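# Residue-level structural notes
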Amino acid sequence: MIEQLEQLFEDAKSKLTTLKSTADLEAWFRDTLGRKGQLTALMRQVGSLSKEEKPVFGKRANEVKQTLQSSFDARQTEVKMAQLEAEMASDALDITLPGRRSRKGGLHPITRTLREIYRIWGDMGFQVYQSREVETDEYNFEMLNIPEHHPARDMWDTFHTTSPGMLLRTHTSPGQIHAMREYHPEPIRVILPGTVYRYEQITSRSECQFNQVEGLAIGHNISLADLKGTLSDFARRMFGADRNVRFRANYFPFTEPSAEMDVECILCDGDGCQLCKHTGWLEILGSGMVHPNVMRNGGYDPSEYSGFAFGMGVERICMLNYGICDIRNFWSNDLRFLQQF
Ligand code: DAH
């Protein structure tokens with residue numbers, strides 16, 4: 001019987017190496033190691049052996065069983081791997097199928113305009129200075145020569161916070177004081193960009209939240225001529241070399257004298273149209289020579305230093321450049337609007 005066992009072992013082993021499919025493997029298992037298989041049948045006959053033969057046979061039969069089991073496991077893994085490789089080699093995976101395009105984002109028109117403004121002022125030697133959006137009444141108004149109850153406060157309706165004296169800045173001008181206090185006694189050339197907030201009715205021309213870029217130049221012997229020359233140069237770089245500008249006297253509490261700068265209407269080239277209300281001009285910024293009180297509040301002695309400042313509305317410039325007629329588009333988050341840029 002031991003010869004039968006060895007024969008069965010050899011046959012089963014060599015057959016196993018020829019098997020190529022899971023179905024064949026299953027059949028082999030059933031016939032060999034399964035409950036009704038040949039090895040099981042042989043082992044059941046152990047009772048017919050002599051006392052001496054029994055343990056010898058039993059030991060060998062168990063060895064054979066274990067060896068066949070592990071050979072079977074190994075062969076099964078091989079067959080599965082081969083099947084997988086065959087599947088991958090065949091055209092089950094069609095790599096010629098076009099991929100899904102990922103959607104490309106774009107920069108918001110305000111971001112584009114801001115970057116253009118930074119670039120131009122950067123070329124002229126102005127650094128970007130970031131200043132806070134939550135301000136104190138002191139910085140937003142008082143330091144800028146606008147005391148409490150001054151009628152000029154009506155120009156800037158404010159959002160107040162629940163902490164007394166803390167508010168959302170109504171303009172980027174308070175950054176002038178921060179910059180001066182930080183840089184004193186060095187000369188200054190900075191632009192101060194950022195969001196500002198005003199408590200007002202939202203219409204196609206006014207939002208309660210928008211962007212400004214403030215500018216500040218402090219040094220020795222800076223004159224009104226420098227202000228005019230620098231701002232005219234900015235306008236040429238921003239709107240084109242042949243676009244005329246003009247300055248109109250105005251009033252701001254933090255500058256003296258003060259002026260607003262207009263550019264020739266971009267739509268009608270100065271002939272007069274609806275956009276420029278038939279004046280031929282569009283206002284784009286406020287400016288002036290830094291008021292002595294503001295200079296002092298920043299730590300600079302006005303008898304030694306002088307300087308100019310300006311503040312421009314970014315949405316306004318963006319609307320003019322792209323022909324956008326409603327300021328509410330910027331915050332409406334409408335893809336039909338945004339995808340045009
Ligand atoms: N802060 C002003 C405003 O929001 C704009 C402005 C005017 C800024 C004149 C200046 C300036 O720096 O000199 O209406």
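For the structure itself, consult the block above.
Quick summary incoming for the structure in this document. Within each chain, residue numbers correspond to sequence positions counted from 1 in written order. Given that the model is predicted, a residue must reach a pLDDT of at least 70 before its local features are reported, and side-chain atom pairs must reach 80 or more before they are shown or counted; all residues, however, enter totals for whole chains, interfaces and linings. Side-chain measures here rest on the full set of heavy atoms in the structure, leaving out hydrogens and waters.

### Some words on the sheet that holds strand β10 (residues 306-313)
Pairing is mixed across the open sheet formed by seven strands, whose spatial order is β1-β5-β6-β10-β9-β8-β7. In this open sheet, the two edge strands, each paired with only one partner strand, are β1 (127-128) and β7 (245-252). Relative to the sheet, helix α7 (residues 174-183) contacts β1, β5 (188-197), β6 (209-219) and β10, its axis offset from that of β5 by approximately 145 degrees. Strand pairing requires that DSSP identify at least two bridges connecting the strands. Numbered from the N terminus, helices here are DSSP runs of H or I no shorter than four residues, and strands are runs of E no shorter than two. A contact between two residues is defined here by any heavy atoms of the two lying within 4.5 Å. What counts as an axis is a line fitted to C-alpha atoms, over the stretch in contact for a helix, and the angles between N-to-C directions run from 0 to 180 degrees.

### A closer look at the sheet that holds strand β2 (residues 134-136)
Taken together, the three strands give an open sheet; going across it, the order is β2-β4-β3, and neighbouring strands pair in antiparallel fashion. Only two strands of the sheet have a single partner each, and these edge strands are β2 and β3 (159-160).

### Considering the site of the ligand
Surrounding the ligand, one finds 16 residues, the nearest of these being His171, Ser173, Arg198, Gln212 and Glu214. Polar contact is defined as a pair of N or O atoms within 3.5 Å, subject to the rule that within protein one atom must be able to donate a hydrogen and the other to accept it, and that residues adjacent in sequence are counted only when both atoms are side-chain atoms. Measuring from a nitrogen atom of the ligand, one finds a side-chain N or O atom of Ser173 at 2.9 Å. One of the side-chain N or O atoms of Arg198 is found 2.8 Å from an oxygen atom in the ligand. In the complex, 93% of the free accessible area of the ligand, which totals 350 Å², lies under the protein chains. Mapped onto the shell around the ligand, the elements with two or more residues apiece are β6, β9 (281-290) and β10. Only Asp, Glu, Lys and Arg are considered charged in this grouping, and only Ala, Val, Leu, Ile, Met, Phe, Trp, Tyr, Cys and Pro are considered nonpolar; every other residue, Gly among them, is considered polar. Taken together, the residues of the shell around the ligand sort by class into five nonpolar, nine polar and two charged. Residues are counted as near a molecule or strand when any one of their heavy atoms sits within 4 Å of it. Here the accessible surface of atoms and residues is derived via Shrake-Rupley with a 1.4 Å probe, and residues count as covered only by protein chains that are part of the display.

### Some words on the packing of aromatic side chains
In this scheme Phe, Tyr and Trp rings, the latter by its six-membered ring, pair at centre separations within 6.5 Å, and the angle between planes marks the pair as stacked below 30 degrees, edge-to-face above 60, and tilted otherwise. Applying the stated rule across the entire model yields 13 aromatic pairs. On the basis of an interplanar angle of 25 degrees and a centroid distance of 5.9 Å, the ring pair of Phe252 and Phe254 is categorised as stacked. Here Phe252 matches Phe254 in class, with each residue buried. The interplanar angle of 85 degrees and the centroid separation of 5.1 Å between the aromatic rings of Tyr322 and Phe341 together place this pair among those described as edge-to-face. Accessible area is worked out with a 1.4 Å probe on protein chains only. A residue is then buried under 20% of its type maximum, exposed over 50%, and partly exposed in between.

### What to know about the environment of Met180
Looking at the secondary structure, you find Met180 in helix α7. Given a relative accessible area of 0%, Met180 falls into the buried group. C-alpha of Met180 to C-alpha of Gly125: the two residues are 55 residues apart in sequence and 17 Å apart in space. Every residue in contact with Met180, bar those within four places of it in the chain, is listed here: Ile188, Leu216, Ile218, Val294, Met295, Gly298 and Tyr300.

### Observations regarding the state of the cysteines
The disulfide criterion is simple: two cysteine sulfur atoms within 2.5 Å. Under the definition given, this model contains zero disulfides. With no disulfide of its own, Cys265 lies closest to Cys268 among cysteine sulfurs, the gap being 3.6 Å. The structure places no disulfide on Cys325, whose sulfur is separated from the nearest cysteine sulfur, that of Cys318, by 12 Å.

### Some remarks on a nonpolar patch on the surface
Note that patches include only residues with greater than 30% relative accessible area and no salt bridge, and the join distances are 9 Å for like charges and 5 Å for nonpolar side chains (Val, Leu, Ile, Met, Phe, Trp, Tyr). The working definition used for a salt bridge is a side-chain nitrogen of Lys or Arg within 4 Å of a carboxyl oxygen of Asp or Glu. Taken together, the side chains of Met81, Leu84 and Met88 present a nonpolar region at the surface, about 330 Å² in accessible area. Judged by relative accessible area, which is 64%, Met88 ranks as exposed.

### Topic: the packing of helix α1 (residues 2-18) against helix α2 (residues 22-32)
Where α1 contacts α2, the axes come no closer than 11 Å and their chain directions differ by 170 degrees. Accordingly, the angle class assigned to the pair α1 and α2 is roughly antiparallel. Two secondary-structure elements touch here, α1 through Leu8, Ala12, Lys15 and Leu16 and α2 through Leu25, Trp28 and Thr32. Classifying every residue of the contact of α1 with α2 by side-chain character gives five nonpolar, one polar and one charged. Roughly parallel means an angle under 35 degrees; roughly antiparallel means over 145; roughly perpendicular covers 65 to 115; every other angle is labelled oblique.

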